[in-house]
Amino acid sequence: MSGTVTVKNVTLGEGIPKICVPLVGTTLSGLREEAEALKALAPDVVEWRSDYFSQVEDPAAVTEALREIGQLLPEVPLIFTFRSAREGGEKEISTEYYIRLNEAAIASGLVDIVDVELFNEEADVRRLIAAAHEQAVFVIVSNHDFQGTPPLEEIVSRLRRAQELGGDLPKIAVMPQKAGDVLTLLAATNLMQEQYADRPIITMSMAGEGVISRLAGEIFGSALTFGAAHKPSAPGQVAVTELRRVLELLHRSL
């Protein structure tokens, strides 16, 4: 049985999967508008996808944006994410700047969780995890496969590797090519949760075929699901209000 992670007043790994909503504004004013609008939706967690931000290569602008988001949503746990282009993000940056950017976010005291991609150099992943833990920041160690769905054993292997490296929240997102791929992802999630995980995990099958995986986390073992406020940050994200309704319905049935 996997454990839990508590961030501010939100506990991941128990009960209904928590809902995370991405902020994808390209400008500071756009981020302000998004953050203001999120108040009415009351998400459990917010993720700032900084790869959408036009000034992401200016550390001072990034810190200012983090400060603005925190002021508008002070009670909501904040994930800082730069998603690389190779894993479905909006742009590519150098490895050196990726490390520097994440270290700056961690050191700012303005983020609660940072997302580190699993398929970086192991030394870099370990360096960022250590830096985060020194600042009491939790770490999602993530992998996003937009090309397809690996075999069940490979999905579990990647999640276990994320856990072994010290990630607090191992995460994988995969792209289905057929309905059976969604079953593979769900079976891998269930196996990981039952046999290997000692912490919450986050899994999803993307696009339309994979929507069920975003809804059924409480059954199979995924602790966090991503919902869209306006613009989805990944294929298959469901609107927050609809997502919450279905999660609660499933919860009542268990």
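Refer to the structure printed above.
Let me begin by describing the structure that accompanies this report. Computed from a predicted model, the values in this text were never measured in an experiment.

All right, on to the environment of M175 then. Positionally, M175 belongs in the loop between β8 (169-174) and α6 (179-196). Accessibility expressed as a relative area gives 13% for M175, which makes it buried. C-alpha of M175 to C-alpha of E209: the two residues are 34 residues apart in sequence and 9.0 Å apart in space.

One finds W48, F53, V62, L66, F80, L101 and V114 to be the most contacted residues of the largest nonpolar core, which totals 46 residues. Aside from chain neighbours lying at most four places away, what touches W48 is L23, L31, F53, V62, A65, L66, I69, L78, I79, F80 and T81. Core analysis: the second largest hydrophobic core is formed by 18 residues, V45, I79, I113 and L224 among them.

Moving on, we come to the pattern of salt bridges. Two side chains bearing opposite charge may form a pair once their charged atoms approach each other closely. The full count for this structure, using the stated rule, is 17 salt bridges. A salt bridge links E68 to R32, with the nearest nitrogen and oxygen atoms 2.9 Å apart. On the criterion of sequence distance, the pair formed by E68 in helix α2 (residues 59-72) and R32 in helix α1 (residues 28-41) is long-range, its members being 36 residues apart. Judged by relative accessible area, which is 17%, E68 ranks as buried. Between R126 and E122 there is a salt bridge, with the nearest N and O atoms lying 2.8 Å from each other.

This part takes up the side chain of R49. Looking at the secondary structure, you find R49 in strand β4 (residues 45-49). Separated by 2.8 Å, the side chains of R49 and D51 make a polar contact.

To continue, consider the packing of aromatic side chains. Scanning the entire structure with this criterion turns up three aromatic pairs. Measuring from centroid to centroid gives 5.8 Å for W48 and F80, while their planes differ by 70 degrees, and the two rings are edge-to-face. With W48 in strand β4 and F80 in strand β5 (residues 78-81), this pair connects stretches of sequence that are 32 residues apart. The burial state of W48 is the same as that of F80; both residues are buried. Relative to Y98, the ring of F82 has its centre 6.4 Å away and its plane inclined at 75 degrees; by these criteria the two rings are edge-to-face. Residue F82 is found in the loop between β5 and α3 (95-107), and its partner Y98 is found in helix α3; the two are separated by 16 residues along the sequence. Comparing F82 with Y98, the two get one shared label, buried. Three or more aromatic residues joined by ring pairs make a cluster, and in this case those are W48, F53 and F80. Between the NZ or CZ atom of R160 and the centre of the ring of Y196, over which it lies, the distance is 3.8 Å.

With five of five residues buried, strand β6 (residues 113-117) lies mostly within the body of the structure. Of the two faces of β6, the one holding I113, D115 and E117 and the one holding V114 and V116 are both buried throughout. Bridge count for β5 against β6 is two bridges, and the pairing is parallel. Each bridged residue has a counterpart across the sheet, and for I79 the counterpart in β6 is I113.

The subject of this paragraph is the packing of α3 against helix α4 (residues 122-134). Two elements in contact, α3 and α4, have axes whose closest approach is 9 Å; the angle formed by their N-to-C orientations is 10 degrees. Between α3 and α4, the angle is such that the two are roughly parallel. Here T95, Y98, I99, N102, E103 and I106 of α3 lie close against α4, whose contacting residues are D124, R127, L128, A131 and A132. A breakdown of the residues in the contact of α3 with α4 according to their chemical character gives six nonpolar, two polar and three charged.

α6 packs onto helix α5 (residues 152-164) with a crossing angle of 45 degrees between their chain directions and a minimal axis gap of 9 Å. Classified by the interaxial angle, the pair formed by α5 and α6 is oblique. The two elements α5 and α6 meet at a crossing, and its hand is right-handed. Between α5 and α6, the residues in contact are L152, I155, V156, L159, R160 and Q163 and T184, L185, A187, A188, L191, M192 and Y196, respectively. Residue classes in the contact of α5 with α6 are distributed as ten nonpolar, two polar and one charged.

Parameters and conventions
Residues numbered from 1 in each chain as written. Predicted model: local features only at pLDDT ≥ 70, side-chain atom pairs only at ≥ 80, totals over all residues. Heavy atoms only, no water. Helix = DSSP H or I, 4+ residues; strand = E, 2+ residues; numbered from the N terminus. Buried < 20%, exposed > 50% of the residue type's maximum accessible area, 1.4 Å probe, protein only. Core = buried A, V, L, I, M, F, W, Y, C linked by side-chain atoms within 4.5 Å. Contact = heavy atoms within 4.5 Å. Salt bridge = Lys/Arg side-chain N within 4 Å of Asp/Glu carboxyl O. Polar contact = N/O pair within 3.5 Å; in protein donor to acceptor, adjacent residues only side chain to side chain. Phe/Tyr/Trp six-rings, centres within 6.5 Å; stacked < 30°, edge-to-face > 60°. Lys NZ or Arg CZ within 6 Å of the ring centre and 35° of its normal. Pairing = 2+ DSSP bridges. Axes fitted to C-alpha atoms, helices over the stretch in contact; angles between N-to-C directions. Parallel < 35°, antiparallel > 145°, perpendicular 65-115°, else oblique. Nonpolar A, V, L, I, M, F, W, Y, C, P; charged D, E, K, R; others polar. Left-handed = near helix turned anticlockwise from the far one by under 90°.

The analysis is restricted to geometry; functional conclusions fall outside its scope.
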